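Reading the structure
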Amino acid sequence: MPEGRSSAPRTLFDKLWDSHRIETDADGEGLLYIDRVCLHERTGSIALAELAARGQSVRRPGHVFCVMDHIVDTRPGRGDATPVPGGENFIIGLRHHAARFGLRLFDVGDENQGIGHLVMAEQGIALPGLTVVCPDSHTCTLGALGCLAFGIGSSETEHVLATSTLRLGKPATLEVVVEGVLAAPATAKDLALVLIAEYGADGGLGAAMEFRGGAVARLDMEARMTLCNMAVEFGAATALVAPDAKTIAYVAKRPYAPAAPPEAAWQALRTDADAAFDHRIAIDAGAVAPRVTWGTSPAQGVNVSGRVPPPRNSSDRRALDYIGLEPGTALTAVPIDAAFIGSCTNARLSDLRLAAAVLKNRRVAPGVAAVCVPGSSQVKKAAEAEGLHRTFQAAGFEWRESGCAMCFYAGGETFGAGKRVITTTNRNFEGRQGPGTRSHLASPAVVAASAIRGRIASPETLDAMVP
Amino acid sequence: MPDELRGKVEPVRPFACHRGIAAPLLRDNVDTDAIIPSREMRRVSKRGLGAGLFANWRYADVGGRLPNPRFVLNQPAYAGASILLGGHNFGCGSSREHAVWALSDFGIRAIFAPSFGAIFRKNCIANGLLPGTVPAADLSTLAGWVAAAPQQNLLAIDLRAGKVSTAKAELAFGIRPGDRQLLLRGLDPIAHTLTAAASIDAFERARFDACPWAKLN
Ligand code: SF4
């Protein structure tokens, strides 16, 4: 591997960039070597079909992994049929092309099937120090492992499949220093929502950001993934957390991870003491409380204990119109129609445990449709081994097979027009969960508490509330 | 297998100069879900997506095709628009390249905005659609001039010079030099990269020597 290109102190991002840069052209674009590719049926099927039509081969098929997550049915007893009109074509298409190109596919029914961003971590396919891409914007989730992971478009996907490389402009670097103690019931999701609310949906400046500081070091791996997942909602190119002992312990013994982990090399993947970032943000985790969004951008959020703010501009007015709320309304006074726990943001085992702790010995409020979709088949299995599914079901939640499900609307399942959903997902855009559906982003604990209460609620207030 | 699963290759159209009607869509954070809602991506194909462009805003009935007269692209004054004037962070959100395919299919050749979603910007380049950055104040100037008579006050784009001009004024727009080259040449990026196949192979060998664990089967 090329070494010693520069003796100047470097950021973690610089190190990852340098160790994958094959060449740099005149205007500073780098040709970057890509170690791992994830494809899902929604966009991967198209990229593979185009590649086949070009008569191109996949340069390194052993480094390409396919998942069924976006369109697959998540209702129990599923097969290839899906609620998404025409959705079977994507499933059949990916299966056909994966076989044709000799790619490992985590198919419907595979015990390791799940949302790609979870599968790549669970299987040890994404590892510290690698470059990982997927035609899906939330690929940045995997930056939590200390790999350079980012979403790409279809044409770029064809390019990386055919050449194992991508041509990229080097993004600026952004240091996000998080100090203080993130105290329950606040979670990494709340931290991300505070960051985005404070600096805006484009506050990430298209930069490669690194989360640093004591609060980040204290987060477990799954919480780091939640934090990095939201980087794209912050307008960052990608996010990173430097590998530490937790990372190495997490990766160890996973199916595609090396039997003897190169611990020293992975520990060296950290920002040098005097390295300079292009931009810096500092945020106090101690000030973070449970959050909820009131609008149609992840930036439009407040504390659950807060009120809908007065609109500052036309985007705010438009959002309030769509979401059907008046300025000044207390969020805890807002009734909900549905509660959704799922997605690559918040459907890992620790998320389901948090929600189950709130749901234990309680019942979902009458009239609230409540659905839990574990992020992967492995998460589902682990949760069932702990009996969490019984807690969800006893509370009145549907317990599903894994997939993206109602995180996004593709013409299939939705909670309905005008319905208000409290959701652990990452996007509250207009129509994201269905035409006219109103989405309020929150943590699993807040979603669970709101399901019980029938209104937006924070878990710690549940007992004090008159039902 | 349905035909659409077989794929079909079309060359990237080179972009040098373009003259056309510009439509303002100056709100910030126009995301790719808004550009094309997921439910409109019905086929395993890049083509025929123009009808789904901005479906949530463009049609009055959800999932239907009844034009919403208030939406800018439905207004007769902007009929035939091939240039969009957008706000900050245009094309943010999902990585779906369908957003660019839908814009192209509709006939959009260029978008000017103060900033773009990073993946969206790259997707534009890969499909021969120009994403030019223009400061917000300049955009308002352009939009104001166009608005007076959209069908007459056309914008002329010269990519080589990096200029967009009206009859009255000329403004510089930003574009990465590499992107400019790709657009100008209408180059197939894969063929271009494969000319460096030997360096890729050599780099990979060195990488696997240094990090054997990076290599799978
Ligand atoms: S869970 Fe939602 S955000 Fe995550 S990959 Fe699936 S659709 Fe995208």
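Residues numbered from 1 in each chain as written. Chains lettered and ligands numbered in written order. Predicted model: local features only at pLDDT ≥ 70, side-chain atom pairs only at ≥ 80, totals over all residues. Heavy atoms only, no water.

**Structural notes on the overall build of chain A**
Stated formally: Each helix corresponds to a stretch of at least 4 residues labelled H or I by DSSP, and each strand to a stretch of at least 2 residues labelled E; elements are numbered beginning at the N terminus. Each radius of gyration is computed over the set of C-alpha atoms, and the globule rule expresses the reference value as 2.2 Å times the number of residues to the power 0.38. Should any heavy atoms of two residues lie within 4.5 Å, those residues are counted as being in contact. All accessible areas in this document rest on Shrake-Rupley with a 1.4 Å probe, and a residue is counted as covered only by the protein chains that are shown. We count Lys and Arg on the positive side and Asp and Glu on the negative side, and we leave His and both chain ends out. The atom standing in for a charge is NZ when the residue is Lys, CZ when it is Arg, CG when it is Asp and CD when it is Glu.
Secondary structure summary: chain A contains 15 helices and 19 strands in total. For a compact globule of 467 residues, the expected C-alpha radius of gyration is about 23 Å, and chain A comes in at 21 Å, within 12% of that figure. Considered along the principal axes of its C-alpha atoms, chain A spans approximately 65 × 50 × 45 Å. Excluding contacts between residues fewer than 6 apart, the proportion of contacts in chain A whose partners are at least 24 apart in sequence is 74%. About 14,600 Å² of surface is accessible on chain A, with carbon and sulfur atoms providing 50% of the total. Here chain A contributes 46 positively and 49 negatively charged side chains, and the mean placements of these two sets differ by 4 Å.

**What about the interface of chain B and chain A?**
Stated precisely, the cut-off is as follows: As a working definition, buried area equals the accessible area (1.4 Å probe) given up by two parts on being put together, with both sides summed. One speaks of a salt bridge when a side-chain nitrogen belonging to Lys or Arg is within 4 Å of a carboxyl oxygen belonging to Asp or Glu. Between N or O atoms, a polar contact is any pair within 3.5 Å; within protein, one atom must be a potential hydrogen donor and the other a potential acceptor, and residues adjacent in sequence are included only when both atoms are from side chains. Nonpolar residues are Ala, Val, Leu, Ile, Met, Phe, Trp, Tyr, Cys and Pro. Charged residues are Asp, Glu, Lys and Arg, and all others, Gly as well, are polar.
With 64 residues of chain B in contact, the opposing surface of chain A contributes 72 residues. With both sides pooled, the region where chain B packs onto chain A buries about 5,500 Å², and carbon together with sulfur makes up 58% of that total. Area buried by chain B at its contact with chain A is led by Phe203(B), Trp213(B) and Leu216(B), which between them contribute 14% of it. With a shortest N-O distance of 3.4 Å, Arg432(A) and Asp33(B) are connected by a salt bridge. Our count for the contact surface shared by chain B and chain A stands at 19 residue pairs in polar contact (both at pLDDT 80 or more). For the side of chain B that touches chain A, the secondary structure elements donating two or more residues are α2 (55-58), α3 (98-106), α4 (118-126), α6 (177-185), α7 (189-194) and α8 (197-210) of chain B. It is α8(B) that contributes the most residues to the side of chain B that touches chain A, 9 residues altogether. Residue classes in the side of chain B that touches chain A are distributed as 25 nonpolar, 18 polar and 21 charged.

**Digging into the domain arrangement of chain B**
The line we're drawing: Each domain's extent was defined by an automatic or database domain assignment.
By the assigned domains, chain B splits into domain 1 (14-186) and domain 2 (187-217). Placing a centre on the C-alpha atoms of domain 1 of chain B and another on those of domain 2 of chain B gives a separation of 35 Å.

**Things to note about the site of the ligand**
Applied cut-off: Neighbouring residues are identified by heavy atoms, a residue being near a molecule or strand if any of them is within 4 Å of it.
In the region of the ligand, the neighbouring residues are His70(A), Ile115(A), His117(A), Asp136(A), His138(A), Ser343(A), Cys344(A), Cys404(A), Cys407(A), Phe408(A), Asn426(A) and Arg432(A). Of the residues in the shell around the ligand, the class split is 5 nonpolar, 5 polar and 2 charged.

**Focus on the pattern of salt bridges**
Short version of the rule: Note on exposure labels: buried denotes an accessible area under 20% of the residue type's maximum, exposed denotes more than 50%, and partly exposed covers the range between, all computed with a 1.4 Å probe on protein chains only.
Using the criterion set out here, one finds 32 salt bridges over all chains in the structure. Put simply, Lys15(A) and Asp272(A) hold a salt bridge, and the shortest N to O gap is 2.8 Å. Remark: Asp272(A) occurs in the loop between α10 (263-267) and β12 (279-284) and Lys15(A) occurs in helix α1 (residues 12-18); sequence separation between them is 257 residues. Judged by its relative accessible area of 14%, Lys15(A) is buried. Since its relative accessible area comes to 26%, Asp272(A) is described here as partly exposed. For Arg207(B), the salt bridge identified is with Asp35(A), shortest N-O distance 2.8 Å. Linking Arg207(B) in helix α8 with Asp35(A) in the loop between β2 (29-33) and β3 (36-40), this pair reaches from one chain into another.

**A word on the confidence of the model for chain A**
Selection criterion: Confidence scores here are pLDDT values: one per residue, from the predictor, ranging 0 to 100.
Confidence in the prediction of chain A, expressed as mean pLDDT, is 95, and 97% of residues score 70 or more. This stretch, residues 1-5 of chain A, has a pLDDT under 50; its non-local contacts, to residues over four places away or in other chains, come to 8 contacts.

**Regarding unusual backbone geometry**
Outside of glycine, negative phi angles account for most residues, and trans bonds account for most peptide bonds. All names here are of chain A. Residue Ala184 is joined to Pro185 through a cis peptide bond whose omega torsion reads 5°. Here Pro185 lies in the loop between β9 (173-179) and α6 (188-199). In this structure, Lys253 is a non-glycine residue whose phi angle is positive, near 70°. Residue placement: Lys253 occurs in the loop between α9 (245-251) and α10. With a relative accessible area of 82%, Lys253 lands in the exposed category.

**Points about the packing of helix α2 (residues 44-54) of chain A against helix α5 (residues 154-163) of chain A**
Residue and element names in this part refer to chain A. As a reminder of what qualifies: Axes, fitted as lines to C-alpha atoms, cover a helix only where it is in contact. Angles between the N-to-C directions of the axes lie from 0 to 180 degrees. Small angles under 35 degrees read as roughly parallel and large ones over 145 as roughly antiparallel, with 65 to 115 read as roughly perpendicular and the rest as oblique. Crossing handedness is read from the near helix: turned anticlockwise from the far helix by less than a right angle, it gives a left-handed crossing, and turned clockwise, a right-handed one.
With their axes 9 Å apart at the nearest point, α2 and α5 run at an angle of 55° to one another. In terms of their interaxial angle, α2 and α5 are classed as oblique. With respect to the hand of their crossing, α2 and α5 are arranged in right-handed fashion. Residues Ala47, Leu48, Glu50, Leu51 and Arg54 of α2 form the contact with α5, whose participating residues are Ser154, Thr157, Glu158, Leu161 and Ala162. Class assignment for the residues of the contact of α2 with α5 results in 5 nonpolar, 2 polar and 3 charged.

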